[in-house]
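# An overview of the molecular structure
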Amino acid sequence: MPETPENASLVVMGVAGCGKSSLGQRCALALGIPLLEGDDFHSDANVGKMRSGTPLSDDDRAAWLDTLAAHLQAHPQGVVLTCSALKQRYRDRLRAAAPGLRFVFLDLTQAQARERVAARSAHLFPVSLVASQFATLEDPSAEPGVLRLDATRALDALTNDVVRWVRGTAPVSSAEA
């Protein structure tokens, strides 16, 4: 099987409930690189806001994105980062820290996201915030280095598509920019 490229850093992104953590774990394992769970780096204040149902502002996210960027820089051999990365300027901030960074955009409808978030127990993100994520989301599909995948597909199929894309071994079944 082909090896993982020298810089295989990628961000698994999308709104709450799209499956970032599940796919990120699988991809990190398959590619043999570390996983960074973006939610683990939120400040206590951000976690409190989200738990209370208050959407985060750009100012709330600024220090968090700086922390994520520093972690990307600390893993030049490659890393999988799970991060909502909802706006292009957030993605550009991460790209500046890790040239060649790729993004896997897990796309689903708002109804599907609400259903998935509602089914999760003990997660910091309430269903009430799903609409704000869709309002903030700037579709990254036209940006370079973005693989858009249907988040409702089987996890094994999604993982295979991402690994093939990163390794450049075969075309994937969904749109790639």
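Our subject in this report is the structure included herewith. All values reported here derive from a predicted model rather than from experimental measurement.

## With respect to the packing of helix α3 (residues 58-73) against helix α4 (residues 88-97)
Two elements in contact, α3 and α4, have axes separated by 8 Å at closest approach and are oriented at 25°. The orientation of α3 relative to α4 falls into the category roughly parallel. As for how α3 packs across α4, the hand of that crossing is right-handed. Along its contact with α3, which presents Asp 58, Arg 61, Leu 65, Asp 66, Leu 68, Ala 69, Leu 72 and Gln 73, the element α4 presents Arg 89, Tyr 90, Arg 93, Leu 94 and Ala 97. Taken together, the residues that form the contact of α3 with α4 break down as 7 nonpolar, 1 polar and 5 charged.

## With respect to the sheet that holds strand β5 (residues 146-150)
The pairing of strands in a sheet happens through backbone hydrogen bonds and is either parallel or antiparallel. The 5 strands lie next to each other as β2-β3-β1-β4-β5, forming an open sheet whose pairing is parallel. Sheet topology places β2 (35-37) and β5 at the edges, where each strand pairs with a single neighbour. Adjacent strand axes in the sheet meet at a mean angle of 20°, parallel and antiparallel pairs treated alike. Note that strand β1 (residues 10-13) and strand β3 (residues 80-82) share 3 bridges and pair parallel. Following the sheet pairing, Leu 10 is matched in β3 by Val 80. Set on the sheet, helix α1 (residues 20-31) makes contact with β1, β2, β3 and β4 (102-107); between it and β3 the angle comes to about 175°. The strands touched by α4 within the sheet are β1, β3, β4 and β5, with β4 carrying the most contacts at an inclination of about 150°.

## Considerations on the side chain of Thr 136
Along the chain, Thr 136 turns up in helix α6 (residues 130-136). Within the structure, Thr 136 has its side chain in polar contact with the backbone oxygen of Ser 132 (distance 2.9 Å). Non-local contacts of Thr 136, meaning those with residues more than four positions away in its chain, are made with Arg 61, Leu 86 and Lys 87.

## Looking at the packing of aromatic side chains
Scanning the entire structure with this criterion turns up 0 aromatic pairs. Arg 102 extends its terminal NZ or CZ atom over the ring of Trp 165, reaching a point 5.0 Å from the ring centre.

## Description of α3
With 16 residues, α3 extends 22 Å from end C-alpha to end C-alpha; this agrees with the ideal 22 Å at 1.5 Å per step. Those residues of α3 lying buried are Asp 60, Arg 61, Trp 64, Leu 65, Leu 68, Ala 69 and Leu 72. At its buried positions, α3 is contacted by α2 (44-51), β3, α4 and α6.

## Quick notes on the side chain of Lys 87
Tracing the backbone through its elements, the reader meets Lys 87 in the loop between β3 and α4. Excluding anything up to four places from it in sequence, Lys 87 contacts Asp 58, Thr 136 and Glu 138.

## Considering the pattern of salt bridges
All told, the structure shown has 12 salt bridges when counted by the stated rule. The closest approach of N and O atoms between Asp 58 and Lys 87, which form a salt bridge, is 3.1 Å. Here Lys 87 lies in the loop between β3 and α4 and Asp 58 lies in helix α3, a separation of 29 residues in the sequence. Asp 161 is paired through a salt bridge with Arg 164; the nearest N and O atoms lie 3.8 Å apart. Of the two residues, Asp 161 and Arg 164 are both situated in helix α7 (residues 155-167); the distance of 3 residues between them amounts to about one turn of the helix. According to the relative accessible area criterion, Asp 161 is buried, its value standing at 4%. What you see here is one network of salt bridges that share partners, running through Arg 91, Asp 92, Arg 95 and Glu 143.

How each quantity is defined
Residues numbered from 1 in each chain as written. Predicted model: local features only at pLDDT ≥ 70, side-chain atom pairs only at ≥ 80, totals over all residues. Heavy atoms only, no water. Axes fitted to C-alpha atoms, helices over the stretch in contact; angles between N-to-C directions. Helix = DSSP H or I, 4+ residues; strand = E, 2+ residues; numbered from the N terminus. Parallel < 35°, antiparallel > 145°, perpendicular 65-115°, else oblique. Left-handed = near helix turned anticlockwise from the far one by under 90°. Contact = heavy atoms within 4.5 Å. Nonpolar A, V, L, I, M, F, W, Y, C, P; charged D, E, K, R; others polar. Pairing = 2+ DSSP bridges. Polar contact = N/O pair within 3.5 Å; in protein donor to acceptor, adjacent residues only side chain to side chain. Phe/Tyr/Trp six-rings, centres within 6.5 Å; stacked < 30°, edge-to-face > 60°. Lys NZ or Arg CZ within 6 Å of the ring centre and 35° of its normal. Expected span 1.5 Å × (residues − 1). Buried < 20%, exposed > 50% of the residue type's maximum accessible area, 1.4 Å probe, protein only. Salt bridge = Lys/Arg side-chain N within 4 Å of Asp/Glu carboxyl O.

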